[in-house]
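# An overview of the molecular structure
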Amino acid sequence: MKKNKISRKEFISKTSKVVGGMVVCPAVLAILQSCDSNPASSTQNGLISICPDHGAKFDTDGNPVEGPATAPLQSYNYVFDQENNAILIEDVLPVDVSDLSVESAISLEASQTQGIDGSGILIYRKTDSDFNVLSRLCTHAGAVVGPF
Ligand code: FES
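The numbering scheme is per chain: residues are counted from 1 as the chain's sequence reads. Local features in this predicted model are restricted to residues of pLDDT 70 or higher, and side-chain atom pairs are both shown and tallied only at a pLDDT of 80 or more, whereas totals for entire chains, interfaces and linings draw on every residue.

## Here's the deal with the environment of L47
Short version of the rule: For helices the rule is a DSSP run of H or I covering at least 4 residues; for strands it is a run of E covering at least 2, with both sets numbered from the N terminus onward. Put simply, a residue is buried when 20 or more other C-beta atoms lie within 10 Å of its own C-beta and exposed when 12 or fewer do; between those, it is partly exposed, and each C-beta is set from the backbone. What counts as a contact is two residues whose backbone-derived C-beta atoms lie within 7 Å of each other.
Secondary-structure assignment places L47 in strand β3 (residues 47-50). Residue L47 is classed as partly exposed on the basis of its 15 C-beta neighbours within 10 Å. In the structure, L47 is positioned 100 residues away from P147 in sequence and 8.9 Å away in space, judged by C-alpha atoms. Those residues in contact with L47, other than ones at most four positions away along the chain, are K57, F58 and D59.

## As for the sheet that holds strand β5 (residues 64-66)
Keep this limit in mind: Paired strands, in this sense, are two strands between which DSSP finds at least two bridges. To obtain an axis, a line is fitted to C-alpha atoms, over the contacting stretch when the element is a helix, and the angle between two such axes runs from 0 to 180 degrees between their N-to-C directions.
Taken together, 3 strands build an open sheet; the order of strands is β3-β4-β5 and the sheet is antiparallel. The two strands at the open ends of the sheet, each matched to only one other strand, are β3 and β5. Here the average twist between neighbouring strands, direction ignored, is 35°. Sheet topology places β3 next to strand β4 (residues 57-59); 3 bridges connect them, and they run antiparallel. Bridging from a neighbouring strand, L47 pairs with D59 of β4.

## Here's the deal with the pairing of strand β11 (residues 131-135)
For β11, the tally of buried residues reaches 5 of 5 residues, placing the bulk of the element in the interior. Judged from the 5 bridges that link them, strand β10 (residues 121-125) and β11 form a sheet pairing that is antiparallel. Counterpart to L122 in the pairing with β11 is L134. Connecting the antiparallel pair β10 and β11 is a turn made up of 5 residues.

Structural data, given as structure tokens:
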């Protein structure tokens, strides 16, 4: 899992193509605003999710701590722009995390991930500048997991 801090200048440079795309793609703007309507949730005893299908439990790093899942949730690369309190996932998806407090999580629906993940994405803020960006696809049998 890649965890980089970048300068504001680098972040602006990386996101300039995405920002340019907002002019022609209103859906991107909706993603940036979606966190307001998707309240953050706290984790429970170090867990980020319990699968609704068969009960697998995943910790905040996406590792299964109780079966039947045995593989971790897929993680995604991101860069963090501390000045703007935002992350850029896989170089294409900007997400405003200014409302996401430490040790809390938010989720994105599949339609909000710009094609990165067909099940959606979980974002867990470990510290001010360190995140876990995880797929919502359960590694057991493909159910969609969500935060508490
Ligand atoms: S535990 Fe079976 S699909 Fe998640």
